[in-house]
Amino acid sequence: MYLIPQPQQMTPQPQQNSSAGSFFLLSYDQKIVIDPSCGSFGYPPARLLQAELRDVLGYGLAVTRGSSKKTAVRLSIDTQLGAQEYCLHVEKDGIQAVGGGKRGLLYAVQTLRQILRQTGGMVPLLSIRDYPAIENRGYYYDVTRGRIPTLDYLKRIAGQLAFYKINQLQLYIEHSFLFEGCSEVWRDDTPLSAQDILELDAYCLELGIELVPSLSCFGHLYKVLRTRSFRHLCELEQEAGEPFRFSDRMAHHTIAVSNPQSLEWIKGRIEAYLPLFTSKHFNIGADETFDLGKGRSRARAETEGTDRLYIDFVKQLCRFLVDKGKIPMFWGDIICHFPQAVKELAPETICLTWGYDADQDDRAVKKLAQAGAVQYTCPGVSGWNQLVHSLDTAFENIRRMCTYARTYGASGVLTTDWGDYGHINHPDFGLPAMVYAAAFSWNDTGYSFDESNRQISRITYGDRTETFVGTVARISDGWRFQWGDLVKYKEGLEPDFAKERLDGLDASLANLEAVKRKLYGLTPCLPKAARPLTHAYLVAIQGIALFGKIERYLFAVTQPPQTAETGCLLASRLEEWFYYYKELWRRDSRESELYRIQEVVFWYADRLRSRFDPADARPQNG
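Residues numbered from 1 in each chain as written. Predicted model: local features only at pLDDT ≥ 70, side-chain atom pairs only at ≥ 80, totals over all residues. Heavy atoms only, no water.

Caption draft 1: Focus on the pairing of strand β10 (residues 136-142). Extensive coverage of β10 is indicated by the burial of seven of its seven residues. Burial along β10 is two-sided: the residues N136, G138, Y140 and D142 and R137, Y139 and Y141 are all buried. Inspection of the sheet shows β10 paired to strand β17 (residues 412-417) by six bridges, in the parallel sense. Residue pairing across strands places N136 opposite G412, the latter belonging to β17. Summarising the sheet, β10 and strand β11 (residues 168-173) pair through five bridges and their orientation is parallel. In the sheet register, Y141 faces β11, and the bridge partner there is L171. Each parallel crossover has a hand, and for β10 linked through helix α3 (residues 151-163) to β11 it is right-handed. (Buried < 20%, exposed > 50% of the residue type's maximum accessible area, 1.4 Å probe, protein only. Helix = DSSP H or I, 4+ residues; strand = E, 2+ residues; numbered from the N terminus. Pairing = 2+ DSSP bridges. Right-handed = clockwise from strand over helix to strand, strands pointing away.)

Structural data, given as structure tokens:
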């Protein structure tokens, strides 16, 4: 039997047949009983369990409070346990789910739900005592640089996080919130509203999740600072009126700290956003301030230094939040170059130390720990710039960063899912990496990549063959031409068109075809609810293959003879593929920046058709 995360202690009874009494039978006429010790905490987890029983067994047990002669599952609180600790005892006469607090009780029920998915109503006798190795386990989702999910989908993300005992969620906001007085910023978008946040916050609370506000307050304000309303706050004056480019959004976006209006404007945004959340934390961002000191603040930078400009601005924002009773968070990529500056910040400030490589080292985490920083380590799901996540990279990166969190005493782990260049991947594709993070941040498991994928296939997707995640993990092997390369070339930059990538294209296409056939064969083995995900992966596979063929057609120096007919055929296939891509996007996401992705796709379709047009002035081989 699989459990994710793996419990700290589990003692199963010896395996015997059911007639020997090694199982507890959940009968349809029994009840879920909420002990008075639960107070008001008991009903939400009871409802979760009732819904799970209905899905798994076809019937949901009645819920009551107090006592019953027909008790099957009893939910209770024992304050002698830690707040997130729980015990689960399956005995011959019933199931006892005991939590040290609200979250502990929820975690007991989540573990029982996983057991039920594998055993049905014949629950094996066992005893579990469990608690997390790391107190704060968060997930960070980009809802600003391309894809803004619907509120229903955001609730679905929260439900998935709760199922795997992740207890924090942050939504990354640059411009995609309906701030009053900022209509020029969001007028071409479909932003989240205050009511969206209020409803999601209440939903997360019920699931034991802290919805932490995250708002860009220093760097990454590209769309805001390009508007006529706010361009006077932009560090690089000349960038404000330039046409939109994905690549510029990744590089030019810093507020001018030399303008006294900047700090007051940021404080106003914080004050408008903060009351929507019950969280005790607030993430100000402050990462990748590439332009700092290169424009309006140049004179100050030359006398004071950019490090001083940076830490003074961050310090003022952190103090502002502390004075409001909040715990500030900020990204640690800038301050890790002068880590002793953390001593100038309010002592409760949390530094979010990130690194996303498969072979990520511990240098930044170690330096900041030695400087006395309170830290979260922040791995990534490795989905940015790609149609499908690189799960092998994500697995190893997450494993390492969770290890560093334990080694250097970090108070949390925050796993990131960024949306660089339009957030083109389907939001469900990051789920396996989310589960890796849940497992490694809870318990120092020794699971391999393959074993983890087998368990996730079974528990998350209901795949009895236990091969689904291992199959989709092979898709990224065929990703030769990344979306970021497509975007860079369109925007006049130099993409990474390595010859070896083109030389390996045929092998990649063969791999994609093999994965596609495997997925078609797996579909009947999946529950009905999981089958639409197969469709999403099949659309992604087709897109990856098309991008590779387009790269070879447009940029290879030596290749089979090109014809206008071939270019037109590729253009038609690209446009047909994009029709299905848009259909999938709109199932779970608002329109958001789908139009920007469309501009890139159609630019390439037009280029393919004009390949032999003398009027086309673009270089023919990059």
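Next comes the rest of the write-up.
Caption draft 2: Structural context of the pattern of salt bridges. The tally for this structure, following the rule as stated, stands at 37 salt bridges. D35 is paired through a salt bridge with R74; the nearest N and O atoms lie 2.8 Å apart. With D35 in the loop between β3 (31-34) and α1 (43-57) and R74 in strand β5 (residues 71-77), this pair connects stretches of sequence that are 39 residues apart. You'll find D35 and R74 in the same group, each marked buried. Taking the shortest distance from any N to any O, the salt bridge between E575 and R609 comes out at 2.8 Å. Taken together, the residues span a long stretch of sequence, with E575 in helix α20 (residues 564-588) and R609 in helix α21 (residues 594-609) at a distance of 34 residues. On the accessibility criterion, R609 (37% relative accessible area) is partly exposed. The network of salt bridges with common partners includes D188, D189, K223, R249, E593 and R596. (Salt bridge = Lys/Arg side-chain N within 4 Å of Asp/Glu carboxyl O.)

Caption draft 3: Expanded view of the environment of Y595. Relative to the helices and strands, Y595 is located in helix α21. Sequence-wise, Y595 and Q168 are 427 residues apart; in three dimensions their C-alpha atoms are separated by 31 Å. Only 2.9 Å separates the side chain of Y595 from the side chain of D188, close enough to count as a polar contact. (Polar contact = N/O pair within 3.5 Å; in protein donor to acceptor, adjacent residues only side chain to side chain.)

Caption draft 4: Fine view of the packing of aromatic side chains. Applying the stated criterion across every chain yields a total of 38 aromatic pairs. Plain terms: the ring middles of F218 and F313 are 4.7 Å apart, the flat faces sit at 50 degrees to each other, and that makes the pair tilted. Here the residue F218 occupies a position in the loop between β12 (210-215) and α6 (222-225), and F313 occupies one in helix α10 (residues 306-323), the gap between them amounting to 95 residues. With respect to burial, F218 and F313 carry one shared label: buried. Ring geometry for W577 against Y581: centres 5.2 Å apart, planes inclined by 35 degrees, an arrangement best described as tilted. Pair noted here: W577 and Y581 are both in helix α20, with a separation of four residues, about one helical turn. Each member of the pair, W577 together with Y581, is buried. Site record: aromatic cluster; members linked through ring pairs are W483, F547, W577, F578, Y581, W585 and F602. (Phe/Tyr/Trp six-rings, centres within 6.5 Å; stacked < 30°, edge-to-face > 60°.)

Caption draft 5: Here's a closer look at helix α8 (residues 260-273). The terminal C-alpha atoms of α8 lie 21 Å apart, and with 14 residues this matches the ideal 20 Å at 1.5 Å per residue to within 8%. By the burial criterion, the buried members of α8 are S262, L263, W265, I266, K267, R269, I270 and Y273. Looking at where α8 begins, the residue whose side-chain oxygen comes 2.9 Å from the main-chain nitrogen of Q261 is N259. (Expected span 1.5 Å × (residues − 1).)

Caption draft 6: Spatial organisation of unusual backbone geometry. Residues I4 and P5 are joined by a peptide bond in cis, for which omega reads -5 degrees. The residue P5 is located in the segment before β1 (9-12) in this model. With phi around 55 degrees, H220 is a residue other than glycine that occupies positive phi space. Note on placement: H220 falls in the loop between β12 and α6. Classification of H220 as buried rests on a relative accessible area of 2%. We note that S382 has phi near 55 degrees; this positive angle belongs to a residue other than glycine. Along the chain, S382 falls in the loop between β16 (374-378) and α12 (391-407).

Caption draft 7: Fine view of the confidence of the model for the chain. Looking at the chain as a whole, the pLDDT averages 93, with 94% of positions reaching at least 70. For residues 617-622, every residue scores under 50 in pLDDT, and the model assigns this stretch 18 contacts once sequence neighbours within four places are set aside. (pLDDT = per-residue confidence, 0-100. Contact = heavy atoms within 4.5 Å.)

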